[in-house]
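Read off the chains here:
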Amino acid sequence: MRSGVESSLKAMKIDHIDLYQIHWPDEQTPFEDTAGSLQELVDEGKIRHVGVSNFDERQMAAFDRRRPVETLQPPYHLFRRGIESDVLPYVREHDIGTLVYSPLGSGLLTGTMDENTTFEDSDWRAQASAFSGEKFRTNLAVVERLKNYAADKGIEVSQLAIAWVLAQDGIDVAIVGARSEKNIERSLAAVDVELSTDDLAEIEKLTADHVEVSGASPEGVA
């Protein structure tokens, strides 16, 4: 980890990294040890802030015993809401900044997919059960309902999905991928979308029968 930090500093020609995040929990290494090593780098001025990604509340609590977790980067979107039960309450209680990734459900919530959508063999979605068969069709139907609701508000379904994420208590940032300048502009427009309590309640109804979507991980896909 130290070698990686020092190599990054040299490659980028900078004297410190503003935020350094551990992206996957390593159960073979005590989290307290990882936190301690990162604290040393903070003390040396090479890192200013420390965060984690894909950690659950137990793992963050172990990390916290040595130094505070300052940010968390978990997956979160309308079709993947597992963090709501335990992780989000923990980050709210401990004032941890939360930057969620995949707010568009790995493409599902862009409104650009249909039943004929396929993926390259190198794409993890080609092996994911949520992107084929009945699960895929179920979620596509949900997206169609969301698309119609978004259209009534004069926005795109992707903007609705991002706005929904940002409206959740405890979420500070939505990390959105883009392949063009146009996509970036569309996503940025979601920041100005205000969802009322009634909007949020209606979105809950529209997505009630969704199928939970998992993503890629070091262990593979479901």
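Residues numbered from 1 in each chain as written. Predicted model: local features only at pLDDT ≥ 70, side-chain atom pairs only at ≥ 80, totals over all residues. Heavy atoms only, no water.

### Description of the overall build of the protein chain
No. 1: Along the protein chain, the regular secondary structure elements total 8 helices and 5 strands.
No. 2: In the protein chain, the succession of helices and strands from N to C terminus is α-β-α-β-α-β-α-β-α-α-β-α-α.
No. 3: With the C-alpha coordinates of the protein chain rotated into their principal frame, the extents come out at 55 × 40 × 35 Å.
No. 4: Counting all 222 residues of the protein chain, 42% fall into the buried class. (Helix = DSSP H or I, 4+ residues; strand = E, 2+ residues; numbered from the N terminus. Buried < 20%, exposed > 50% of the residue type's maximum accessible area, 1.4 Å probe, protein only.)

### Looking at the pairing of strand β1 (residues 17-22)
Two faces, one strand: in a regular strand the side chains alternate between the faces of the sheet.
No. 1: As paired elements, β1 and strand β2 (residues 47-53) share 5 bridges and run parallel to each other. Its bridge partner being in β2, Y20 is matched across the sheet by V50.
No. 2: Note on the crossover from β1 through helix α2 (residues 31-43) to β2: the handedness is right-handed. (Pairing = 2+ DSSP bridges. Right-handed = clockwise from strand over helix to strand, strands pointing away.)

### Remarks on the packing of α2 against helix α3 (residues 57-64)
No. 1: Where α2 meets α3, the closest approach of the two axes is 7 Å, and the angle between their N-to-C directions is 50°. Taken together, the axes of α2 and α3 lie oblique to each other. Every pair of crossing elements has a handedness; the one defined by α2 and α3 is right-handed. Contacts between α2 and α3 involve F31, E32, T34, A35 and L38 from the former and R58, Q59, A62 and F63 from the latter.
No. 2: Of the residues that constitute the contact of α2 with α3, the class distribution is 5 nonpolar, 2 polar and 2 charged. (Axes fitted to C-alpha atoms, helices over the stretch in contact; angles between N-to-C directions. Parallel < 35°, antiparallel > 145°, perpendicular 65-115°, else oblique. Left-handed = near helix turned anticlockwise from the far one by under 90°. Contact = heavy atoms within 4.5 Å. Nonpolar A, V, L, I, M, F, W, Y, C, P; charged D, E, K, R; others polar.)

### Thoughts on the confidence of the model for the protein chain
No. 1: Per-residue pLDDT for the protein chain averages 93, and the proportion of residues at 70 or more is 97%.
No. 2: Here helix α7 (residues 181-189) is the element of the protein chain with the lowest mean pLDDT, 87, and strand β3 (residues 71-73) is the one with the highest, 98. (pLDDT = per-residue confidence, 0-100.)

### Considerations on the packing of aromatic side chains
No. 1: On inspection of all chains with the given rule, the structure shows 6 aromatic pairs.
No. 2: Each ring, one from F131 and one from F136, has its centre 6.0 Å from the other, and the planes form 45°; the classification is tilted. Grouping residues by exposure puts F131 and F136 together as buried.
No. 3: Every member of this aromatic cluster is reached through a ring pair, and the members are F119, W124, F131 and F136.
No. 4: Residue placement shows R125 over the ring face of F131; its charged tip is 6.0 Å from the ring centre. (Phe/Tyr/Trp six-rings, centres within 6.5 Å; stacked < 30°, edge-to-face > 60°. Lys NZ or Arg CZ within 6 Å of the ring centre and 35° of its normal.)

### Digging into the nonpolar core
No. 1: M60, F63, F131 and L146 are the most contacted members of the largest nonpolar core, which has 59 residues in total.
No. 2: Beyond its immediate chain neighbours, meaning those up to four positions away, F63 contacts F31, T34, A35, L38, V50, V52, F55, P68 and V69. (Core = buried A, V, L, I, M, F, W, Y, C linked by side-chain atoms within 4.5 Å.)

### Describing the environment of D198
No. 1: For D198, the location among the structural elements is in helix α8 (residues 197-206).
No. 2: C-alpha of D198 to C-alpha of E134: the two residues are 64 residues apart in sequence and 30 Å apart in space.

### Details of the sheet that holds β3
No. 1: Pairing within the open sheet is parallel, and its 5 strands lie in the order β1-β2-β3-β4-β5. In the strand order of this sheet, the two ends are held by β1 and β5 (173-175), each with one partner. Going from strand to strand, the sheet's axes swing by 25° on average, the running direction of each strand aside.
No. 2: Looking at chain direction, strand β4 (residues 97-101) and β5 are connected through 3 bridges and run parallel. Along β5, the bridge assignment pairs V100 with A174.
No. 3: The strands that α2 touches are β1 and β2; relative to β2, the one it contacts most, it runs at about 155°.

### Brief notes about unusual backbone geometry
No. 1: Positioned with a positive phi, K13 is a non-glycine residue whose angle comes to about 55°.
No. 2: One can find K13 in the loop between α1 (2-12) and β1.
No. 3: Backbone geometry at S102 places phi at a positive 60°, although glycine is not the residue there.
No. 4: Relative to the assigned elements, S102 resides in the loop between β4 and α5 (133-152).

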